[in-house]
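So you can see what is in the structure, the chains are spelled out below.
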Amino acid sequence: MVLAVVLTAWPQAALPAASAALQTRTQASLWYRGLPAGVPRQADLDAISAAGFSAVTWPVLSVGGAAELRRMAAASGLQVVIRTEPVPMTPDAALRPDTYVDISVPRTPVPLYEALVWRSVAHGARVVSFDAGVAEGTGLADESGRPSPWLAPGSAVARQLARNATMVDTLRRGPSVRIEPPSSALDVVLLDAVRSWVIIATNVSVAGTAPSDTYAFLPRRVPPAEWLNLFDGSTIAMLRQPESVRWHVLLGPGDVRVLAIDKIER
């Protein structure tokens, strides 16, 4: 397991052991290594915050600059996470994530950013760190100073996660969902959000692949009607059957649905 700790109060002592790693609230983070490496800059942190990220992930090898980083990050409204190294997430790994996961920008197709982030969150990830793969700086801009091609879609996902962080913090695994016919690229997870049910459905197939067209069967105690799409405010009704509730799932490559409904006492 990768060592990680949320830097809320950095002690003078050595870095805490892996067993003391702290779990934090849901965050969209950016790997930041300073400029030059190991030296944080306020302007960089301000830019990271403005891009929609709520935290920065700092390498443990640069722990000497952590105290100054913490001070600057607080001024930018950012949390700090200390990690050993990024571990690029894959569609398969997103089904069994650690609390801390990484999106490798150079290795991940842009259309899959959203699906990978929400798939990992559905299975328990709480801090998703984008890694632009740069040894220094933020990676938010290219050599000419223009925004990097990955920034707009990456920022969109970061803001999406930040808007829904309070809900995500409450999520617990709910009853299992049956998919018929099965779809290898499709994942549908039912989650318990205390007063609500939440469904997170993701398709991680590559661009150009035919959409998944299948059915998800949910427990009968789950209400079938007027589920709210948290991204666009639309609603969707499902079909109640004798032993289950059926949802016709039609998701294209990279598509995500996050649906919620109030629980109904029966």
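Because the structure is predicted, anything quoted here is derived from the model rather than measured.

1. Here's the deal with the overall build of the chain
Looking only at helices and strands, the chain has five helices and 16 strands in total. Evaluated residue by residue, the chain yields a buried proportion of 51% over its 266 residues. Counting only contacts in the chain whose residues sit at least 6 apart along the sequence, the fraction spanning at least 24 positions is 70%. If you sum the accessible surface of the chain, you get close to 12400 Å²; carbon and sulfur atoms cover 55% of it.

2. Describing the side chain of S212
In this structure, S212 sits in strand 11 (residues 212-219). A residue is classified by how much of its surface remains accessible, and S212, at 7% relative accessible area, is buried. Beyond its immediate stretch of four places on either side in the chain, S212 contacts S183, L186, N203, V249, L250 and L251.

3. Some words on the packing of aromatic side chains
Under the criterion given, the structure shown has six aromatic pairs. Both rings, one in F53 and one in W150, keep their centres 6.4 Å apart while their planes meet at 55°; by these two values the pair is tilted. Of this pair, F53 sits in the loop between helix 1 (42-50) and strand 3 (55-59) while W150 sits in the loop between strand 6 (127-131) and helix 4 (151-163), and the two are 97 residues apart along the sequence. Both residues of the pair, F53 and W150, belong to the buried class. Ring centres of F130 and W150 lie 6.0 Å apart, and the angle between their planes is 15°; on these two criteria the pair is classed as stacked. Taken together, the positions of F130 in strand 6 and W150 in the loop between strand 6 and helix 4 put the pair 20 residues apart, joining distant regions of the chain. Note on accessibility: F130 and W150 belong to one class, buried. Within the aromatic cluster, the residues linked to one another by ring pairs are F53, Y113, F130 and W150.

4. A look at the side chain of N164
Topologically, N164 is positioned in the loop between helix 4 and helix 5 (165-170). The residues contacting N164, other than those within four sequence positions of it, are W118, L230 and F231.

5. A word on the nonpolar core
In this structure, I48, F53, F130, W150 and V198 are the most contacted members of the largest nonpolar core, which totals 52 residues. Broken down by element, the residue count for this core peaks at seven residues, all from helix 3 (residues 113-122). Setting aside residues no more than four positions away along its own chain, F130 makes contact with S29, L30, W31, F53, I103, V105, Y113, V117, W150, G154 and V157. Membership of the second largest hydrophobic core comes to 19 residues, among which are I179, V249, L251 and L259.

Criteria and cut-off values
- Residue positions within a chain follow its written sequence, with the count starting from 1.
- Residues qualify for local features only when their pLDDT is at least 70, as the model is predicted, and side-chain atom pairs are given and counted only at 80 or more; totals for whole chains, interfaces and linings, by contrast, use all residues.
- Values shown for side chains rest on all heavy atoms present in the structure; no hydrogens or waters enter the calculation.
- Secondary structure is summarised from DSSP: a helix means a run of H or I of at least four residues, a strand means a run of E of at least two, and numbering begins at the N terminus for each.
- Only protein chains enter the accessibility calculation, which uses a 1.4 Å probe; a residue is then buried when its area is under 20% of its type maximum, exposed when over 50%, and partly exposed in between.
- Pairs of residues are marked as contacts when any of their non-hydrogen atoms sit within 4.5 Å.
- Reported accessibility uses the Shrake-Rupley method at a 1.4 Å probe radius. Residues are deemed covered only where the shown protein chains occlude them.
- Working definition: a ring pair exists when centres of Phe, Tyr or Trp rings (six-membered ring for Trp) sit within 6.5 Å. Plane angles under 30 degrees give stacked, over 60 give edge-to-face, the rest tilted.
- By convention a nonpolar core is built from buried Ala, Val, Leu, Ile, Met, Phe, Trp, Tyr and Cys residues, the set being connected through side-chain atoms within 4.5 Å.

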